[in-house]
Amino acid sequence: HWHGDHILGLPGIIFSLINMGYKGKLNIYIPRDYEKKLKYIFDGFGIEPTFEIAIKEINEGRVLDEAEFEIYAKKVRHTIDTYAFYFKQKDYIKIDEKLAKEVGIFNNKKLLNRIKKGEVVEYNGKKISYNDVGYIKKGIKVTYITDTIFFEDLIDFARDSDILISESYYFYDPHLAKGHYHMDFIEVKELFERSNSRLLFLMHFSQRYDKELDLIKDKIESENKNIFFLEDLSIIEYVKNKIIIKIGDRTVEYYRDEKTGELRLSSSQL
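Residues numbered from 1 in each chain as written. Predicted model: local features only at pLDDT ≥ 70, side-chain atom pairs only at ≥ 80, totals over all residues. Heavy atoms only, no water.

1. Digging into the layout of surface pockets
Stage number 1. Computed from the structure, the largest pocket encloses a volume of approximately 660 Å³.
Stage number 2. If you go around the largest pocket, you meet 24 residues; those closest to its centre are His1, His6, Ile7, Tyr29 and Phe85.
Stage number 3. When contributions to the lining of the largest pocket are tallied by element, the ones reaching two or more residues are helix H1 (4-7), helix H2 (10-19), strand S1 (25-31), helix H3 (35-44) and strand S5 (83-89).
Stage number 4. Top contributing element to the lining of the largest pocket by residue count: S1, with 5 residues.
Stage number 5. Of the residues in the lining of the largest pocket, the class split is 16 nonpolar, 7 polar and 1 charged.
Stage number 6. The volume enclosed by the second largest pocket comes to roughly 220 Å³. (1 Å grid on protein atoms, 1.4 Å probe; cavity = no way out; pocket = protein on both sides within 12 Å on 5 of 7 lines; lining within 4 Å. Points joined across faces, edges and corners; volume = space filled by probe spheres on them. Helix = DSSP H or I, 4+ residues; strand = E, 2+ residues; numbered from the N terminus. Nonpolar A, V, L, I, M, F, W, Y, C, P; charged D, E, K, R; others polar.)

2. Quick word on a negative patch on the surface
Stage number 1. Side chains of Asp214, Glu231, Asp232 and Asp249 sit close together on the surface and give a patch of like negative charge.
Stage number 2. Along the chain, aspartate 249 turns up in the loop between strand S15 (242-247) and strand S16 (250-256). (Patch = residues over 30% accessible without salt bridge, like charges linked within 9 Å, V, L, I, M, F, W, Y side chains within 5 Å. Areas by Shrake-Rupley, 256 points an atom, 1.4 Å probe, with all protein chains shown as cover. Salt bridge = Lys/Arg side-chain N within 4 Å of Asp/Glu carboxyl O. Lys, Arg positive; Asp, Glu negative; His and termini not counted. Charge placed at Lys NZ, Arg CZ, Asp CG, Glu CD.)

3. Digging into the packing of aromatic side chains
Stage number 1. One pass over the full model with this rule turns up 15 aromatic pairs.
Stage number 2. Summarising the aromatic geometry, the rings of tyrosine 22 and phenylalanine 51 are spaced 5.1 Å apart at their centres and angled 80° between planes, so their arrangement reads as edge-to-face. Of this pair, tyrosine 22 sits in the loop between H2 and S1 while phenylalanine 51 sits in the loop between H3 and strand S2 (52-58), and the two are 29 residues apart along the sequence.
Stage number 3. With relative accessibility at 8%, the residue phenylalanine 51 sits in the buried group.
Stage number 4. Connected via pairs of aromatic rings, a cluster forms that spans Tyr169, Tyr170, Phe171, Tyr172, Phe185, Phe205, Tyr209 and Phe229. (Phe/Tyr/Trp six-rings, centres within 6.5 Å; stacked < 30°, edge-to-face > 60°. Buried < 20%, exposed > 50% of the residue type's maximum accessible area, 1.4 Å probe, protein only.)

4. Looking at the sheet that holds strand S13 (residues 227-229)
Stage number 1. With respect to topology, 7 strands assemble into an open sheet ordered S3-S4-S5-S10-S11-S12-S13, the strand pairing being mixed. The strands lining the two open edges of the sheet, one partner per strand, are strand S3 (61-65) and S13. When the angles between neighbouring strand axes are averaged without regard to direction, this sheet yields 20°.
Stage number 2. Across 4 bridges, the pairing between strand S10 (residues 141-145) and strand S11 (residues 163-167) is parallel. (Pairing = 2+ DSSP bridges. Axes fitted to C-alpha atoms, helices over the stretch in contact; angles between N-to-C directions.)

5. Some details on helix H9 (residues 185-194)
Residues three or four positions apart in an α-helix share a direction because the helix packs 3.6 residues into each turn.
Stage number 1. Within H9 the residues assigned to the buried category are Phe185, Glu187, Val188, Leu191 and Phe192. Down the axis of H9, the smallest arc covering the buried residues is 160°, so these residues share one side.
Stage number 2. Two or three places before isoleucine 186, at the start of H9, stands the capping residue aspartate 184, its side-chain oxygen 2.9 Å from that residue's backbone nitrogen.
Stage number 3. Looking at the residues trailing H9, positive phi occurs at asparagine 196, about 60°. (Arc of directions from axis to C-beta. Polar contact = N/O pair within 3.5 Å; in protein donor to acceptor, adjacent residues only side chain to side chain.)

6. What to know about the pattern of salt bridges
Stage number 1. Per the stated rule, a full pass over the model turns up 24 salt bridges.
Stage number 2. Between glutamate 258 and lysine 137 there is a salt bridge whose closest N-O contact spans 3.5 Å. In this pair, glutamate 258 is assigned in the loop between S16 and strand S17 (263-265) and lysine 137 in strand S9 (residues 134-137), connecting sequence segments 121 residues apart. Assigned by exposure class, glutamate 258 and lysine 137 land together as buried.

Here's what the structure looks like:
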């Protein structure tokens with residue numbers, strides 16, 4: 001949304017890409033009717049891109065639909081037009097090598113490709129579906145909720161997120177949060193629990209808590225499983241069914257069951 005703390009980093013990103021010699025295409029997704037404002041920023045900073053920039057205005061609903069993933073937007077409730085997003089990797093059929101060898105079709109790529117598309121095939125007089133040689137791999141979902149007050153629709157939007165990243169501008173001051181169109185930690189925690197999300201990452205804290213933020217962080221993280229405070233340069237990786245979290249000098253690893261999406265701490269963390 002069009003507040004300085006959310007958009008003034010964009011010129012730096014574009015200048016960096018220019019200096020790096022980037023020659024690809026950069027898609028910028030913005031709320032509808034913001035394109036003219038974005039061009040004011042380009043003019044004001046003297047940005048002359050050396051690569052293609054495609055500005056795409058969005059409304060609620062599906063923003064992007066690719067072969068392996070999709071992105072959805074949700075209009076939230078802030079002082080100006082603001083959107084939350086979720087990224088969803090699509091579920092897909094995965095072949096189990098052992099089962100496919102037992103059935104005898106592991107080397108039959110044509111049949112396996114048909115099964116991956118959800119077809120039932122026939123081999124040696126027997127009908128074979130993905131249940132016989134594999135399973136559905138559950139795609140990961142990442143939800144990002146920026147500045148907004150709490151409202152019920154957010155729960156369905158964030159439903160079953162593996163990773164929920166949310167603003168938590170206030171702590172135990174819900175009256176202030178509502179008055180300034182932000183969320184309080186109490187509300188964010190309710191969203192986390194009711195949406196059946198698995199990991200919660202808090203960000204965008206009010207400066208009023210600067211002196212006590214470390215105490216607040218230690219208290220909340222010690223009393224709540226799977227809740228983390230993000231810092232600058234934090235890294236969240238998803239690699240080979242592992243979610244690896246690097247915050248400051250701390251690293252936490254979770255194993256993600258690709259059939260159910262359930263998380264458990266890696267053995268090295270126990």
